[in-house]
Amino acid sequence: MSTDTAPTTTSEQTRVPVIGVLVGSTRPTRIGRDVADQVAEMARLRSEATVEVVDLAEVGPPLLDEPRMPAKGDYVREHTKAWKQVIDGLDAVIVVSAQYNGGYPAPLKNAIDTLYAEWNDKPILLVTYGYHGGVRAAEQLRVVFGVVRADVLDPTVAITVTDADRDEEGHLTNACDVVERHRAELEVGFAAIHAALGC
Ligand SMILES: Cc1cc2nc3c(=O)[nH]c(=O)nc-3n(C[C@H](O)[C@H](O)[C@H](O)COP(=O)(O)O)c2cc1C
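Quick caveat, the model's predicted, so the values are computed rather than measured.

What follows is about the site of the ligand. Every one of the 14 residues lining the ligand counts as a neighbour, but Ser25, Arg27, Ile31, Tyr100 and Tyr129 are closest to it. Take arginine 27: an N or O atom from its side chain is 2.7 Å from an oxygen atom of the ligand. A distance of 2.5 Å separates an oxygen atom of the ligand from a polar side-chain atom of tyrosine 129. When isolated, the ligand has an accessible area of 600 Å², and the protein chains bury 76% of it. Residue composition of the shell around the ligand, grouped by class: five nonpolar, six polar and three charged.

Printed below as a string of structure tokens:
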């Protein structure tokens, strides 16, 4: 997990909220991390909160192997407890997700399903990307986060990524530009997070 250097308390010892930017894809050649880094950078400029990138490729849980339903909350696996700690440490989450075949990546589904109560009432801003903004992934994420009783905010931000944005290996040639094109929607989303956090 990477983080900026903002303190977590002010001089009055008021706790500064922590916003996580969750990277939902884990492919070795993914663009998800670049998109998330740029979203985090923009959020830091807009926010009094601490903004952390939470990369499933680095800290995500392995495939769900808890003996009991996560909704029971009686986790026994150390990696589940570690993932719980990551999500418990976030006051709001910006979920940055690709669209795969009309849905969202399997590691992200696994990361959601591994916990339950930790998502309850958590403000979630959905930021998806794809040829048409990944809107179908966003639709499905909204349903699933609703089932775990997260507080899915409006709007959803849909980032359009075309082949013209990529080099021959498929990497973004300028991730900053791609995200910048959606600054207006992202700003509305960041405002929704701050309203939800009351800051
Ligand atoms: C398995 C797979 C399925 C895909 N399905 C879609 C899709 O349904 N819609 C879309 O716009 N792009 C789709 N794409 C293209 C992705 O938007 C593009 O590859 C993007 O870079 C994926 O995010 P990632 O690089 O972070 O993994 C798909 C890519 C992969 C690897």
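It is worth spelling out the pattern of salt bridges at this point. This structure, assessed with the given rule, holds 17 salt bridges. Residue arginine 15 pairs with aspartate 91 through a salt bridge whose shortest N-O separation is 3.1 Å. Here aspartate 91 lies in the loop between helix H3 (78-88) and strand E4 (92-98) and arginine 15 lies in the loop between strand E1 (2-3) and strand E2 (18-23), a separation of 76 residues in the sequence. Aspartate 91 gets classed as partly exposed once you look at its relative accessible area, which sits at 22%. In this structure, arginine 77 engages aspartate 65 in a salt bridge whose closest nitrogen and oxygen atoms are separated by 3.7 Å. Residue arginine 77 is found in the loop between helix H2 (56-59) and H3, and its partner aspartate 65 is found in the loop between H2 and H3; the two are separated by 12 residues along the sequence. The exposure class of aspartate 65 is partly exposed, given its relative accessible area of 32%. Where salt bridges share partners, they join Arg30, Arg33, Asp37, Asp55 and Glu58 into one cluster.

Parameters and conventions
Residues numbered from 1 in each chain as written. Predicted model: local features only at pLDDT ≥ 70, side-chain atom pairs only at ≥ 80, totals over all residues. Heavy atoms only, no water. Near = heavy atom within 4 Å. Polar contact = N/O pair within 3.5 Å; in protein donor to acceptor, adjacent residues only side chain to side chain. Areas by Shrake-Rupley, 256 points an atom, 1.4 Å probe, with all protein chains shown as cover. Nonpolar A, V, L, I, M, F, W, Y, C, P; charged D, E, K, R; others polar. Salt bridge = Lys/Arg side-chain N within 4 Å of Asp/Glu carboxyl O. Helix = DSSP H or I, 4+ residues; strand = E, 2+ residues; numbered from the N terminus. Buried < 20%, exposed > 50% of the residue type's maximum accessible area, 1.4 Å probe, protein only.

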